[in-house]
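Summary of structural features
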Amino acid sequence: MATELLLGGTVYSSAIPDATALAVTDGVVTWVGTDDVGKALHPDASVTDLEGLFVAPAFVDSHVHLTSTGLALTGLTLNDAVSRTDCLRMIADAVSTVGEGDLIWGRGWDSSTWSGAEAFDGRFPTTADLDAIVGNRPVYLARVDEHSAVASTALRRLVVGLEDAQGYHPDEPLIAEAHHLVRGAARSLGSPASRTRAQLRALDAVASMGIVAIHENGGPDISGLDDFLAIGGLDHPVEVRRYWGQAAENADHARELVAITGADALGGDLFIDGAIGSRTAWLLEPYHDAPDVTGIDYLSPDTVLDHLRACTEAGLQAGFHVIGDAATATVVDALDALAAEFGTPALASRAHRVEHAEMVDAAQAQTLAACGVVASMQPQFDAGWGAPGGLYAQRLGDERASRMNDFATLAKAGVALAFSSDSPVTAMDPWATIRAAVHHHQQRNAISARGAFAASTRGGWRAGGTNDGLTGTLAVGAPASYAVWEVDELVVAGSHESVQRWSLDPRSRVPALPDVSPGSPLPRCVRTVHRGRDIYRAEGH
């Protein structure tokens, strides 16, 4: 058995907070401690000098859209547009690089942040705007939240009966069914080879960020069955757990869906509602900036209840995309009904999930905790949209906006948290995710760096059904899945008072983590290892 002994760094270990060394044999952590002891215990080991680098359990991203992420890495990205004029200029630049009739797939525009001197510079682009630039090219441009999109006339004409679909508008961004239809049409124009290249490109990027496992969130209206099946056939060392977002009618139907799709679970982006930015999240009260709109309910309460019951009876993990407070209430009501029917232990044994969980109150958090539900959440949503005057405040008003993404309330209730990116909606950058959770715009909603790190590592494994107490740690007997980082400074406590109270006194020998305070440089990954196998090494390492 070959043993690698890593020496001369800082190893994140709850059991041995001052650890500087780590031994790995056949893909398993076999020892953690200090350099001198490590050398004495492993005289024949292959030695790796860490030269002061930081070693920590590798990350899990529990909510990813792999193909879209790969396309975003090299495609048209509009996140940096500052106005409608600027966005249209970017589109014109992209058109000059593609042939007539070739698909342009872009994403990332967010008109809630736009302003400018020109008329309508704070307004979304329209189909007429696109047509004036792109001519007969099919163009699909998803809003940053991926729940609405602008489409050129050439793309719209590929969908028979589009004008009869829910969410249709002849010129403005499409939502709901109309959006799903044009997204599917755009998807069909790509070749299987280009799709595979995008997926592998995304997985390479995953590994370079110290992430060893992801949860792909697919479904009929997101990426389609062909895409979902193709991801299942990829040859790449990053581990992929696949969630299929289609409601099951009963236990037999649930088993049938798993057999057909090869899915690991039936959940992920099984939409109960949409997104705040596109005004499709389902709310109990109207939108602040659209008093006649309360969003869209894609699934009825009966469908939600039937799906949860079907998966519970079939022994499968279920889940839903849940953002608005009306969507949250629908799930909680279903859980209460099933808890009376099955008992909470039966529900908890399935580790059902809610994706996003942006609007959850304290009483609902108690129900989620009692039923063993995992909340898969994206702290970078708050970083991007939770500032005073930002998107949440625009759409919901200040009071409702202040309660968005309340990690603290969920954690206090005992809800298991798993943090993720929803890539390409936000960047696959785990340390940026941790920073956003610790430095929430509403300090009372924040959690400690230690809690955020756990939600990004062990929490991700737990969300995927692995809860053995070892996976996601660097304890003896754990799978050797870790990342090595260049770090400027290691600290124990958070950076403001509300987070400090969640942190433990340094005298209790709590292991330090990188400083994620605003303005501090985030760690840089130089090596990623999964089950003892190198899956990424930075140049020079």
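Just above sits the structure.
My aim in this report is to walk through the structure given alongside it, one point at a time. Small disclaimer: the values here were computed from a predicted structure and weren't measured. (Residues numbered from 1 in each chain as written. Predicted model: local features only at pLDDT ≥ 70, side-chain atom pairs only at ≥ 80, totals over all residues. Heavy atoms only, no water.)

Of the regular secondary structure elements, the chain holds 21 helices and 23 strands. The C-alpha atoms of the chain give 23 Å as radius of gyration, which agrees with the globular expectation for 541 residues (24 Å, within 12%). Contacts in the chain between residues far apart in sequence, at least 24 positions, make up 71% of those at least 6 positions apart. In the form shown here, the chain has an accessible surface area of approximately 20,800 Å², with 50% of it arising from carbon and sulfur atoms. (Helix = DSSP H or I, 4+ residues; strand = E, 2+ residues; numbered from the N terminus. Rg over C-alpha atoms; globule rule 2.2 N^0.38 Å. Contact = heavy atoms within 4.5 Å. Areas by Shrake-Rupley, 256 points an atom, 1.4 Å probe, with all protein chains shown as cover.)

Our next topic: unusual backbone geometry. Here Ser423 and Pro424 are connected by a cis peptide whose omega angle stands at 15 degrees. With respect to the helices and strands, the residue Pro424 is situated in the loop between strand E18 (416-419) and helix H18 (430-438). One non-glycine residue with positive phi stands out, namely Asp26, at about 50 degrees. With a relative accessible area of 54%, Asp26 lands in the exposed category. (Buried < 20%, exposed > 50% of the residue type's maximum accessible area, 1.4 Å probe, protein only.)

For the structure on display, the rule yields six cavities of 30 Å³ or more. Reported here for the largest cavity is a volume of approximately 290 Å³. Around the largest cavity, the lining comprises 26 residues; the ones closest to its centre are Asp145, Glu146, His147, His321 and Asp422. When residues of the lining of the largest cavity are traced back to their parent elements, those giving at least two are helix H6 (176-188), helix H14 (379-385) and helix H15 (391-396). Across the lining of the largest cavity, the residue classes break down as eleven nonpolar, seven polar and eight charged. A domain-level breakdown of the lining of the largest cavity finds at least three residues from each of domain 2 (66-189) and domain 3 (245-464). One number sums up the size of the second largest cavity: a volume of about 80 Å³. As for the second largest cavity, its lining consists of 13 residues, and the residues nearest its centre are Asp61, Phe419, Ser420, Pro430 and Thr433. Of all the secondary-structure elements, those providing two or more residues to the lining of the second largest cavity are strand E7 (59-64) and H18. The element contributing the most residues to the lining of the second largest cavity is E7, with three residues. In the lining of the second largest cavity, the residues fall into seven nonpolar, four polar and two charged. (1 Å grid on protein atoms, 1.4 Å probe; cavity = no way out; pocket = protein on both sides within 12 Å on 5 of 7 lines; lining within 4 Å. Points joined across faces, edges and corners; volume = space filled by probe spheres on them. Nonpolar A, V, L, I, M, F, W, Y, C, P; charged D, E, K, R; others polar. Domains from an automatic or database assignment.)

What follows concerns the sheet that holds strand E16 (residues 353-356). The strand order across the open sheet built from four strands is E15-E16-E17-E18, with neighbouring strands paired in parallel fashion. In this open sheet, the two strands that pair with only one neighbour each are strand E15 (319-322) and E18. Averaged over neighbouring strand pairs, the angle between their axes works out to 25 degrees when direction is ignored. Bridge analysis of E16 against strand E17 (residues 374-377) gives three bridges, and the strand direction is parallel. Note that in E17 the partner of Glu355 across the bridge is Ser376. (Pairing = 2+ DSSP bridges. Axes fitted to C-alpha atoms, helices over the stretch in contact; angles between N-to-C directions.)

By size, the foremost hydrophobic cluster in this structure holds 84 residues, and its most contacted members are Leu266, Ile272, Phe320, Phe419 and Trp431. If you count residues domain by domain, this core takes at least three from each of domain 1 (3-57 + 472-487 + 523-537) and domain 3 (245-464). If we skip the residues at most four places from it in the chain, Leu266 touches Trp244, Gln246, Ala248, Ala254, Leu257, Val258, His307, Cys311, Leu316, Gln317, Ala318 and Gly319. Among the nonpolar cores identified, the runner-up in size contains 18 residues, and Leu78, Ala81, Cys87 and Val134 belong to it. (Core = buried A, V, L, I, M, F, W, Y, C linked by side-chain atoms within 4.5 Å.)

Right, let's get into helix H3 (residues 84-95). End to end, H3 covers 17 Å across twelve residues, agreeing with the expected 16 Å (1.5 Å per residue, within 8%). All of the buried residues along H3 are Arg84, Asp86, Cys87, Leu88, Met90, Ile91, Ala94 and Val95. Tucked inside the fold, the buried residues of H3 contact strand E8 (76-77), strand E9 (104-109), helix H4 (127-134) and strand E10 (139-143). (Expected span 1.5 Å × (residues − 1).)

A few words now on the pairing of E16. Where E15 meets E16, four bridges bridge the pair, whose relative direction is parallel. Across the sheet, the residue bridging to Val322 is His356, located in E16. What joins E16 to E17 is helix H13 (residues 362-370), and the crossover it makes is right-handed. (Right-handed = clockwise from strand over helix to strand, strands pointing away.)

This paragraph deals with the sheet that holds strand E12 (residues 174-175). Within the open sheet, the five strands sit side by side as E8-E9-E10-E11-E12. Their pairing is mixed. For this open sheet the edge positions go to E8 and E12, each flanked by a neighbour on one side alone. Note that E9 and E10 share five bridges and pair parallel. Bridged to Gly106 within E10 is Leu141.

Let us look at the packing of helix H11 (residues 325-342) against H13. The description of two packed helices rests on the angle between their axes and on the distance between the axes. For the pair H11 and H13, interaxial distance at closest approach is 10 Å and the crossing angle is 45 degrees. For the element pair H11 / H13, the angle class is oblique. For H11 against H13, the interelement crossing comes out left-handed. Residue-level contacts link Thr328, Ala329, Val332, Leu335 and Asp336 of H11 to Gln364, Thr367 and Leu368 of H13. Its residues assigned to classes, the contact of H11 with H13 shows four nonpolar, three polar and one charged. (Parallel < 35°, antiparallel > 145°, perpendicular 65-115°, else oblique. Left-handed = near helix turned anticlockwise from the far one by under 90°.)

Mapping Arg156 onto the fold places it in helix H5 (residues 153-156). Summary of buried charges: Arg156 has no salt-bridge partner, and the nearest side chain of opposite charge, Asp171, is 6.1 Å away. Not counting the four nearest positions on each side in its chain, Arg156 is found in contact with Thr127, Ala151, Leu162, Tyr168, His169, Pro170, Asp171, Glu172 and Leu174. (Lys, Arg positive; Asp, Glu negative; His and termini not counted. Salt bridge = Lys/Arg side-chain N within 4 Å of Asp/Glu carboxyl O.)

A few words now on the packing of aromatic side chains. Summed over the entire model, instances satisfying the criterion amount to 13 aromatic pairs. Each ring, one from Phe271 and one from Tyr298, has its centre 6.2 Å from the other, and the planes form 50 degrees; the classification is tilted. Here Phe271, found in the loop between helix H9 (251-261) and helix H10 (301-314), pairs with Tyr298, found in the loop between H9 and H10; they are 27 residues apart in sequence, far enough to count as distant. For Phe271, a relative accessible area of 12% translates into the label buried. Looking at Tyr298, the relative accessible area reads 23%, which means it is partly exposed. Their ring planes at 40 degrees and their centres at 5.1 Å tell us that Phe381 and Trp385 sit as a pair that is tilted. Taken together, the residues span about one helical turn, with Phe381 and Trp385 both in helix H14 at a distance of four residues. The class for Trp385 is buried, based on a relative accessible area of 11%. Chaining the aromatic ring pairs together yields one cluster made of Tyr12, Phe59, Trp431, Phe453 and Trp485. (Phe/Tyr/Trp six-rings, centres within 6.5 Å; stacked < 30°, edge-to-face > 60°.)

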